[in-house]
Amino acid sequence: MLTRRPAAERGRTRLEWLDSRHSFSFDQYYDPRHMGFRSLRVINDDFVSPGSGFPTHPHRDMEILTWVVEGALDHADSMGTGSTVRAGEMQRMSAGSGITHSEFNHSLTEPLRLLQIWIRPERKGIPPGYEQKAFSLEQRRNRLLLAASRDGRNGSLTLCQDADVYVANPDPGAVLNHRFAQGRHGWIQVARGSLSVN
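Residues numbered from 1 in each chain as written. Predicted model: local features only at pLDDT ≥ 70, side-chain atom pairs only at ≥ 80, totals over all residues. Heavy atoms only, no water.

Peer 1: Run through the environment of V167, naming residues and quoting values.
Peer 2: By the element assignment, V167 lies in strand 14 (residues 165-167). The class for V167 is buried, based on a relative accessible area of 10%. If we ignore the near neighbours within four places in the chain, the residues touching V167 are W67, M90, R140, R143, L144, L145 and A147. (Helix = DSSP H or I, 4+ residues; strand = E, 2+ residues; numbered from the N terminus. Buried < 20%, exposed > 50% of the residue type's maximum accessible area, 1.4 Å probe, protein only. Contact = heavy atoms within 4.5 Å.)

The following block contains the structure:
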């Protein structure tokens, strides 16, 4: 069974420096019909104004993936990790037993757009962890490229959950196929453009 979640019907948080669309209930946006999808809890589509960002804040017991669509995100956390995540790169932060971090668009001219994805871990209290990888446009053009998985196979980021996360950039008219194993389910998030499913 397919369930459609139109982009225009998502929740929204609008601040002076942030325009965020929420596929699932998040913060002040609450919709009991959209509380997540299996272990997938959050997909926020964030537009961060130049020179702005999220000050230091805590997380725990969540696998947090950040996919930068446009611009560059500067990240710093309580593990001592400091990095810049650019368009076409994915960051995995395991909040585990507890972590604090900040996220900023330090450019004074360029916008920042990112998808932040929260996945519930298969167990609580794991040590916090961090990974970051670039996935080139050629790697993901007209194919589903594995970007994160439980076992880190094929060069993907590792997750503390039995979930696979793919990225793809199909050309107009391209057809991508994926066969689900028995008992598996899928969520498709369109960042740009439109597509037909099945």
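Let's pick the thread back up.
Peer 1: Describe in detail the packing of aromatic side chains, supporting the description with residues and values.
Peer 2: On inspection of all chains with the given rule, the structure shows 4 aromatic pairs. An angle of 80° between the planes, with centres 5.1 Å apart, marks the rings of W17 and F54 as edge-to-face. Taken together, the positions of W17 in the loop between strand 1 (11-14) and strand 2 (18-22) and F54 in strand 4 (residues 52-59) put the pair 37 residues apart, joining distant regions of the chain. W17 sits in the partly exposed class, given a relative accessible area of 22%. Seen in terms of ring centroids, F26 and W118 are 5.4 Å apart; in terms of plane orientation they differ by 75°. Their pairing is edge-to-face. Placement of F26 in the loop between strand 2 and strand 3 (40-48) and of W118 in strand 10 (residues 112-119) is noted, with a sequence separation of 92 residues between them. For F26, a relative accessible area of 22% gives the class partly exposed. The class of W118 is buried, set by a relative accessible area of 15%. (Phe/Tyr/Trp six-rings, centres within 6.5 Å; stacked < 30°, edge-to-face > 60°.)

Peer 1: Help me get a handle on the sheet that holds strand 12 (residues 145-149), residues and values and all.
Peer 2: Strand pairing in a sheet takes place through backbone hydrogen bonds and is either antiparallel or parallel in direction. Reading across the sheet, the 3 strands line up as 13-12-14 and stay open at both edges, with mixed pairing between neighbours. The sheet is open, and its two borders are formed by strand 13 (157-158) and strand 14, each paired with just one other strand. Two elements, strand 12 and strand 14, share 3 bridges in a ladder whose sense is antiparallel. Of the residues in strand 14, the one forming a bridge with L145 is V167. (Pairing = 2+ DSSP bridges.)

Peer 1: Go over the layout of surface pockets, please, and point to the residues and values.
Peer 2: The space that makes up the second largest pocket amounts to roughly 300 Å³. In terms of lining, the second largest pocket is formed by 18 residues, of which the most central are L18, F26, N44, D46 and F54. Listing elements by their share of the lining of the second largest pocket, those giving two or more residues are strand 2, strand 3, strand 4 and strand 10. Per element, the largest residue contribution to the lining of the second largest pocket is 4 residues, and it comes from strand 4. In terms of residue class, the lining of the second largest pocket is made up of 8 nonpolar, 7 polar and 3 charged. (1 Å grid on protein atoms, 1.4 Å probe; cavity = no way out; pocket = protein on both sides within 12 Å on 5 of 7 lines; lining within 4 Å. Points joined across faces, edges and corners; volume = space filled by probe spheres on them. Nonpolar A, V, L, I, M, F, W, Y, C, P; charged D, E, K, R; others polar.)

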